[in-house]
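Chain and residue survey
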Amino acid sequence: MQTLTTKRRTLFLAITAATLGFCNLAVAQEAETSEPPIDENAEVIDAPVIEEMLITGRQQTAAQAVITERLEDPFAADLMSAEQLSRTGDSTVAIALSRVPGVTVLDGKYVYVRGLGERYSSTTLNGAAVPSPELTRNVLPLDLIPSSIVDTLKIQKAYSPELPANFGGGSVDIRTKSVPDQFVFSVSMGTGMNFDSDEGLTHNSHGDKYSMPAVIDGALDTYQGNLSLTRIGDFYKRANQSVTNAERDAFAAQTNRNLLLSLNRDVQIYEKNLPLDFSGSLALGNNWQLNDDFSLGAVANFSQDTKWRNKDQERDEIGAPDDRNSKTKRTSEETRQVLSTNVGLNYQDMHNLQASFYHIENIHDEARIKTGFDNSIYKLAEGSQYVQYDTRLENRELEVGQLTGEHKFDQFSSDHLETLVFDWFYSDSTVKTDIPNHVTVAGDNTIDPATGKLISTQLSPRPAMAVFEFLNLEDSVISNGFNAKVPLVFDRLKLTLSGGVNYNEKSREYYGYTINVNGSGNQSAVLAGNVNDVLNSSRVTDLNNKFEVTAGGGFGTESYVAGQIIEGAYGMFDANWDDTWRVTGGARKETFKQGLLPVNMLDYTGNDLGKIIDEITNNPDQRYGFMQEDWYPSLAITYMNEGFMNTEAFQVRLSASETVVRPDLREMSDVVYIDTELGMRVKGNSRLEFSELTHYDLRAEWFFENGNNLTANLFYKDIANPIESTRQPGSDDDVILTFENSLSGEIYGLELEGLASLGGGFFTSTNLTLSKSEIISPEGVGYTNVKRPMTGQSEYVLNTQLGFDSDDGKHSVSLVYNLFGERLFFAARNIGNHQDAYEQPFNSLDLTYSWFATEQLTTKVKLGNILDEERVFEQENDQGRNVDILKQKVGTSFSVDVKYTY
């Protein structure tokens, strides 16, 4: 392993050296060709200074570029520009948001704003709602969106009425790049590695060709959802009454065995050398002036990246960590492809129309081998160990089509009426998630108790020796709306009246089948060996061996269909008195309708559906379909004073608002999912209630002429019926997480943010969030602590960046440190006196170096997680011992990218 690591690092250094050498050659060529011959008689003209100013202080300029919009926004918001994303080397939106005050990112994908979990944060794409491809979460995983297509990220932390009322910690709007105003061409290529991912696991079961076999699909219809030997025999006997019982049993055995043979059983996991990461992108666009009035612009972007990562885990069960524990070797291969096209038509800079299309595909392929002891059947002292082989391919596709328009009308302008503004959007998006063949195989190992060395292995003689899962999710969202602004001007008063409507329609279909292979009753010789030895051999075709295929996962309903409609309308006013006082307020009315029906794909009798219909008809408290309608007000008061404390701009904002957080379709469905990141089971809860929130914000901002700035923000949120992640009652080694409403909750804190120049090209940008939270659950329902912090809330979050920009604008360095404090993972419930589980602090240190060799050529080198931190989840058991219930490797990563822009 060490030799392989050395080889890979040597190869990587060679690639980096070659890249830098290529850039050196480009610089030399530019130097040779860019200096014209000197004409001694020519007039001497001083070189313009403005170009040098534009490329000096690249990172500082990027950080200051979004300040204007932030100052003009009446409600507290943070913004990040495309330039900032580039300078810090953040490849995805998720990584970039971890730099924002009060924001932490869970699993590298999901945003926590001000300590509130992802269900309290909403994400829009150019202001439009989009569906999530995640089976276990209702939000868009932000690692899916590459930073290369982003123009601006807006994180609004104080509610304003033009936003959807489903607002908790904050709202993230991803604004993508528009059409260019001139010809653009860029191409980039990169590679990388993780130093803990030299060797890893893989398997042969790749691709959609391994979806559920047609013969099994047909058999489910033929035998009415039951594939057992008894059911097949009974149906055969009914259709052929003259056959003997022996003929019946022989037909059932052969038919059932044919079903097993139709499954893809080539799921053996093996080790291999992992290749280097790869990334590449291409962008091409232009703008054409059609005539004096019209211009047309278009741009297309394509990018792809693939990376391999080991995410090994160790688990200790809370009750007896020394006797019940496991280790998991785990490797994932992740490929992301993004295709986007934008076409825009402009008329006199007064009317803009744009059509956009985005296709994002993410393929996650994973293999894992878990070994461990349960101190019951499997004991280290007896040399017995369980083993579980797991292969899983998940294909997620998101397609978004958007039409937007902005129209300015100055025909009605007068002394008191300025240009009217009207904008609209229409968005149609669909997401598909397909898991064509998730296979789990259980086995038994015999090991040497002293050394742990493997002596022999076999598959486990149990009813679900092998489990084949086939899952499919399709989620569609239609989102449209318009906004209108009427600006009025008087002597000392500027008054803007605005309003608009929004409509969101969402539909979801989730279907899941589970096919089990029963291996109980077999002799050890039949099950001896690895997966291929047993499932891919003559042992399966031999009817004397006792294998039986059955359907159903044992978790209850595995499928559901659902629909959701949200209709909203708002009105606002924005009054600015003498550029000193500003009052902004309004209200939004929203009507929310939802229907959700669980579907038992194996119930051919209609009994389950009949029970649902009966409950909908006779139970007024049923949760299959309901409607909610309410008003959501917001008010902000701003004081502005240019020159106060020697500032270029100073302002203080006070705001208050009321919003709601509604559980998502997935959270309200009685379906069990697998959290692919942590490997834990998660179950919905159809009895969840809405959470109602009251928000208060006080924000002060100082902006100085030299670019330095400081922001201080106090916030308080009161939450009725907060939705929390908790653990279902069960044994220590059978963990299922679910969602519950608590009685009440509150969170309050202070955010500090500053940017300061240190001289010599150095600057620092830092933000710190200090917060406290408390949630109160009902008494008498089994919680160890009825009062506790909110799930995912950290008492402190620190982001700090030390940056350097060279005087010639050719070198840029960024050292970024991120730290979040201990945060609640899940609340302990009905598991003795064990305490709640917490994720431990994670220290993240990243280094990015950018070399702008020429105006066209850029090289970027990044080192991630330099401290080689692990994710650790800790829980105190009833004996007072702190147990690491889960540890997961992250590893240190290294990447190099080269980009050419024309």
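Looking at the overall build of the chain
- When helices and strands are counted, the chain shows 13 helices and 43 strands.
- With 902 residues in all, the chain has 52% of them scored as buried.
- Counting only contacts in the chain whose residues sit at least 6 apart along the sequence, the fraction spanning at least 24 positions is 74%.
- With an accessible surface of roughly 38900 Å², the chain has 54% of that area assigned to carbon and sulfur atoms.

Section: the sheet that holds strand 5 (residues 128-129)
- Spatially, five strands are ordered 1-6-7-4-5 in an open sheet, and the strand pairing comes out mixed. At either end of the open sheet lies a strand with only one pairing partner, and these are strand 1 (77-81) and strand 5.

What to know about the pattern of salt bridges
- All told, the structure shown has 29 salt bridges when counted by the stated rule.
- For the salt bridge of Arg-392 with Glu-394, the shortest nitrogen-to-oxygen distance reads 2.6 Å.
- Glu-394 gets classed as buried once you look at its relative accessible area, which sits at 5%.
- Through salt bridges with shared partners, a single network forms among Asp-78, Lys-157, Arg-653, Arg-699, Glu-701 and Glu-751.

Details of the packing of helix 8 (residues 229-239) against helix 9 (residues 245-262)
- Relative orientation of the contacting elements helix 8 and helix 9 amounts to 125 degrees, with a least axis distance of 8 Å. Relative to helix 9, helix 8 is oriented oblique. Considering the relative orientation of helix 8 and helix 9, their crossing is right-handed. For the pair helix 8 and helix 9, the contacting residues are Leu-229, Ile-232, Gly-233, Tyr-236 and Lys-237 in the first and Asn-245, Glu-247, Arg-248, Phe-251, Ala-252, Ala-253, Thr-255 and Asn-256 in the second.

Looking at the pairing of strand 19 (residues 466-489)
- Pairing geometry for strand 17 (residues 420-447) and strand 19, over 19 bridges, is antiparallel. Looking across to strand 19, one finds that Val-421 is bridged to Lys-485.
- Bridge count between strand 19 and strand 20 (residues 493-518): 24 bridges; the pairing is antiparallel. Counted as the bridge partner of Glu-474 is Glu-509 from strand 20.

Digging into unusual backbone geometry
- Phi at Gln-224 takes a positive value of approximately 55 degrees, unusual for a residue other than glycine.
- Mapped onto the elements, Gln-224 comes out in the loop between helix 7 (214-222) and helix 8.
- On the basis of relative accessibility, which here comes to 33%, the residue Gln-224 falls in the partly exposed class.
- A positive phi angle is found at Asn-375, which is not glycine, with a value near 60 degrees.
- In this structure, Asn-375 sits in the loop between strand 15 (351-373) and strand 16 (384-409).
- Residue Asn-375 is classed as partly exposed on the basis of its relative accessible area, which comes to 36%.

Side note on the packing of aromatic side chains
- According to the stated counting rule, one finds 18 aromatic pairs in the structure shown.
- Centre to centre, the rings of Tyr-378 and Tyr-386 are 5.6 Å apart; their planes meet at 75 degrees, and the pair counts as edge-to-face. With respect to burial, Tyr-378 and Tyr-386 carry one shared label: buried.
- Where Phe-825 meets Phe-873, the ring centres are 4.6 Å apart and the plane angle is 50 degrees; that geometry is what we call tilted.

Some words on the environment of Phe-373
- Relative to the helices and strands, Phe-373 is located in strand 15.
- Along the sequence, Phe-373 and Asp-322 sit 51 residues apart, while their C-alpha atoms lie 9.5 Å from each other.
- In contact with Phe-373, not counting residues within four places along its chain, are Asp-323, Arg-324, Asn-325, Tyr-378, Lys-379, Leu-380, Ser-384, Gln-385, Tyr-386 and Ile-447.

Side note on helix 9
- Here helix 9 spans 26 Å end to end across 18 residues, near enough to the 26 Å set by a 1.5 Å rise per residue.
- Turning to helix 9, its buried residues are Ala-252, Thr-255, Asn-256, Arg-257, Leu-259 and Leu-260.
- Its buried side turned inward, helix 9 meets helix 7, helix 8, strand 20, helix 12 (538-541) and strand 21 (548-551).

Looking at the confidence of the model for the chain
- Here the chain averages 85 in pLDDT, while 88% of its residues score no lower than 70.
- Ignoring residues within four places in sequence, the model shows residues 1-57, a span with pLDDT below 50, making 56 contacts including any to other chains.

Examining a nonpolar patch on the surface
- On the surface, a cluster of nonpolar side chains totalling about 920 Å² of accessible area is made up of Val-486, Leu-497, Phe-573, Trp-577, Trp-581, Val-583, Leu-635, Ile-637, Leu-654, Leu-698 and Leu-714.
- Among the elements of the structure, strand 22 (559-577), strand 23 (581-599) and strand 24 (625-640) are those that each provide at least two residues to the nonpolar patch.
- Tracing the sequence through the fold places Trp-581 in strand 23.

A look at the side chain of Ser-850
- Inspection of the secondary structure puts Ser-850 in strand 39 (residues 842-852).
- Every residue in contact with Ser-850, bar those within four places of it in the chain, is listed here: Lys-810, His-811, Ser-812, Thr-859 and Lys-860.

Some points on a negative patch on the surface
- Together, Asp-579, Glu-642, Glu-648 and Glu-705 line one region of the surface with negative charge.
- Counting through the fold element by element, Glu-648 comes out in the loop between strand 24 and strand 25 (649-661).

Conventions we followed
- For every chain, the first residue of the written sequence is number 1, and numbering continues from 1 onward in sequence order.
- The predicted nature of this model means local features are confined to residues of pLDDT at least 70 and side-chain atom pairs, given and counted, to a pLDDT of 80 or more, with totals for whole chains, interfaces and linings taken over all residues.
- Calculation of side-chain values draws on the structure's entire complement of heavy atoms; hydrogens and water are dropped beforehand.
- Secondary structure elements follow DSSP: runs of H or I of four or more residues count as helices, runs of E of two or more count as strands, with numbering from the N terminus.
- Summary of the burial criterion: residues with accessible area below 20% of their type's maximum are buried, those above 50% are exposed, and those between are partly exposed, where the area comes from a 1.4 Å probe applied to protein chains only.
- Contacts are assigned to residue pairs with any non-hydrogen atoms lying within 4.5 Å of each other.
- Accessibility throughout is a Shrake-Rupley quantity obtained with a 1.4 Å probe, and a residue counts as covered only by protein chains that appear here.
- Strands are labelled as partners when DSSP assigns at least two bridges between them.
- Within this document, salt bridges are pairs made up of a side-chain nitrogen of Lys or Arg and a carboxyl oxygen of Asp or Glu, the two lying within 4 Å of each other.
- What counts as an axis is a line fitted to C-alpha atoms, over the stretch in contact for a helix, and the angles between N-to-C directions run from 0 to 180 degrees.
- When describing relative orientation, an angle under 35 degrees is termed roughly parallel and one over 145 degrees roughly antiparallel, while 65 to 115 degrees is termed roughly perpendicular and anything else oblique.
- We call a crossing left-handed when the near helix sits turned anticlockwise from the far one by less than a right angle, and right-handed when that turn is clockwise.
- The aromatic pairing rule takes the rings of Phe, Tyr and Trp, using the six-membered ring of Trp, and pairs them if the centres are within 6.5 Å, calling planes under 30 degrees apart stacked, those over 60 edge-to-face and the rest tilted.
- Working rule for helices: expected span equals 1.5 Å times residues minus one.
- Confidence of the predictor at the level of single residues is given by pLDDT, which spans 0 to 100.
- Every patch collects residues that have over 30% relative accessible area and no salt bridge, joining them within 9 Å if they carry like charges and within 5 Å if they are nonpolar side chains (Val, Leu, Ile, Met, Phe, Trp, Tyr).
- Within this scheme the basic residues Lys and Arg register as positive and the acidic residues Asp and Glu register as negative, but His and the chain ends are omitted.
- Taken as the charge location is NZ of Lys, CZ of Arg, CG of Asp or CD of Glu.

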